[in-house]
Amino acid sequence: MALFADEPSPRPGGRSRRERIGWGAVTTAVVIAIVFALLPSPYVIEQPGPVYDTLGVADHDGGEVPLIEIPDEETFPTDGELNLLTVTVLGRPGQTPNWLEVLAAWLDRTRSAVPVEAIFPPGLSDEDRDAQNEAAMVDSQQDAIAAALVELGYDFPRDVTVAGILDDSPAAGALEENDVVAAVNGRPVHSIEELRTAVRENGVEAPARLDIVRDGAEQTIEVTPVERDGTVVLGVGVRMRYEFPIDVELQLDNVGGPSAGMMFALGIVDKLTPGAMTGGEIVAGTGTIDAAGSVGAIGGIRQKLWGAEEAGADWFLAPESNCDEVSGHVPDGIDVFAVTTLDEARTIVETIGEGGDTSRFASCPAP
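On a predicted model such as this, the values are computed, not experimentally measured, just so you know. (Residues numbered from 1 in each chain as written. Predicted model: local features only at pLDDT ≥ 70, side-chain atom pairs only at ≥ 80, totals over all residues. Heavy atoms only, no water.)

On to the state of the cysteines, then. Scanning the model with the defined rule gives 1 disulfide in all. For C323, the disulfide goes to C364, at an S-S distance of 2.1 Å. Note on the C323 and C364 pair: the S-S dihedral is about -70 degrees, so by sign convention the disulfide is left-handed. One end of the pair, C323, is in helix 8 (residues 323-326); the other, C364, is in the segment after helix 9 (342-354), and 41 residues separate them in sequence. With respect to class, C323 is no different from C364; both count as buried. (Disulfide = S-S within 2.5 Å. Helix = DSSP H or I, 4+ residues; strand = E, 2+ residues; numbered from the N terminus. Buried < 20%, exposed > 50% of the residue type's maximum accessible area, 1.4 Å probe, protein only.)

Turning our eyes to something else, we now look at the packing of helix 4 (residues 126-151) against helix 6 (residues 261-271). It is at 8 Å that the axes of helix 4 and helix 6 come closest, and there the two elements cross at 40 degrees. With respect to helix 6, the axis of helix 4 lies oblique. Classified by chirality, the crossing of helix 6 by helix 4 is right-handed. In this structure, helix 4 contributes M137, S140, Q141, A144, I145, A148 and E151 to the contact, and helix 6 contributes G261, F264, A265, I268 and V269. Of the residues contributing to the contact of helix 4 with helix 6, the split by class is 8 nonpolar, 3 polar and 1 charged. (Axes fitted to C-alpha atoms, helices over the stretch in contact; angles between N-to-C directions. Parallel < 35°, antiparallel > 145°, perpendicular 65-115°, else oblique. Left-handed = near helix turned anticlockwise from the far one by under 90°. Contact = heavy atoms within 4.5 Å. Nonpolar A, V, L, I, M, F, W, Y, C, P; charged D, E, K, R; others polar.)

Tallied over the full model, the rule gives 7 aromatic pairs. Relative to F244, the ring of Y242 has its centre 5.2 Å away and its plane inclined at 20 degrees; by these criteria the two rings are stacked. On the accessibility criterion, Y242 (14% relative accessible area) is buried. The partly exposed category is assigned to F244, whose relative accessible area is 25%. (Phe/Tyr/Trp six-rings, centres within 6.5 Å; stacked < 30°, edge-to-face > 60°.)

Moving on: the sheet that holds strand 6 (residues 112-115). Reading across from one edge, 6-1-5-16-19-20 is the order of the 6 strands in this open sheet, with mixed pairing throughout. Across the chains shown, the open sheet's two edge strands, defined by having one partner strand only, are strand 6 and strand 20 (335-339). Direction aside, the axes of adjacent strands within the sheet are offset by 35 degrees on average. For strand 16 (residues 282-285) and strand 19 (residues 315-319), the ladder comprises 3 bridges, and the chain directions are parallel. Of the residues in strand 19, the one forming a bridge with A284 is F316. Those strands touched by helix 6 are strand 5 (81-90), strand 16, strand 19 and strand 20, and its axis lies near 160 degrees from that of strand 5. (Pairing = 2+ DSSP bridges.)

As a further point, take helix 9. Since one α-helical turn is 3.6 residues long, residues separated by three or four positions face the same way. For helix 9, with 13 residues, the first-to-last C-alpha span of 18 Å sits near the 18 Å given by 1.5 Å per residue. Among the residues of helix 9, those classed as buried are L342, A345, R346, I348, V349, T351 and I352. (Expected span 1.5 Å × (residues − 1).)

Further remarks concern the pairing of strand 20. Among the 5 residues that make up strand 20, 4 are buried, leaving the element largely enclosed by the rest of the structure. Direction of pairing for strand 19 relative to strand 20: parallel, over a ladder of 5 bridges. Its bridge partner being in strand 20, L317 is matched across the sheet by F337.

Worth remembering: the numbers are spatial, not functional.
If you want it as structure tokens, here you go:
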């Protein structure tokens, strides 16, 4: 037989002991939740950044200058916009957003919370990262100029140049810094992607025959590629070196990375050809570019789609290799086209400008 003690009756106007304990627990939980929400998280937040019209002007040294200037060549009037897009990152190591801000980002379709190390690799200082991003933008601008001039039929030197020999490289003793790799197995190479493709097709079973230029003298050497991290490589770092036939100046401050390449190239082509390519339409896009006109993948494409919408774009050019990230994240009213080359992107924009049928072009998966 169980015995129960009667709980003392609460004082008039007061609370029972059980109620006081319950409210105390709730208060403690709320305080803990608030403290936790304000703690730094291991994430940074990506959100749409500034949008720049490559046919327009930008701030530079306290004034406004054209993003693309071609001083010594005949240029033609343009219309509409060819917008390049950026992503703003909130937070950095040691100054990350708190959990409340991260939660807000998770609930906002225009923003993303990503691990801090995905944007800021461990062991890399802020200064080194900024320098790398600036160098990537400079290289991207040079590649954009090269791609545009190749698209327009200009002929000029485009040299794949050895920038360094990696540790344990199979090319050690065979290649030297500043060597120009002119051909692989008899196939000319004029871009880094063409070199990678030729090496990959050669494989690791047999030596690759490299035609190089060293100190102005041509010679042929052999290097057997190796496989590293699933990729067939020569074990060297390379960069592009150009001798442009005309002067093209690109101005864009405080923006890093290579993702503006395709849109810069389109802007150059538009300025150097009669007729307004866009026909007055607002076209946005993103993608790396190389001298051969190949368009490559970029980061932050979801944020760039929302940036395009905010800028009033109805059309968006996306690297085909990013299409899997686009699906389900396309703002209403924007048509997204998948592109792999500058020539494809140019044809799409010209068709848009002419009011033509764009249904024949490949699109990224529908939302």
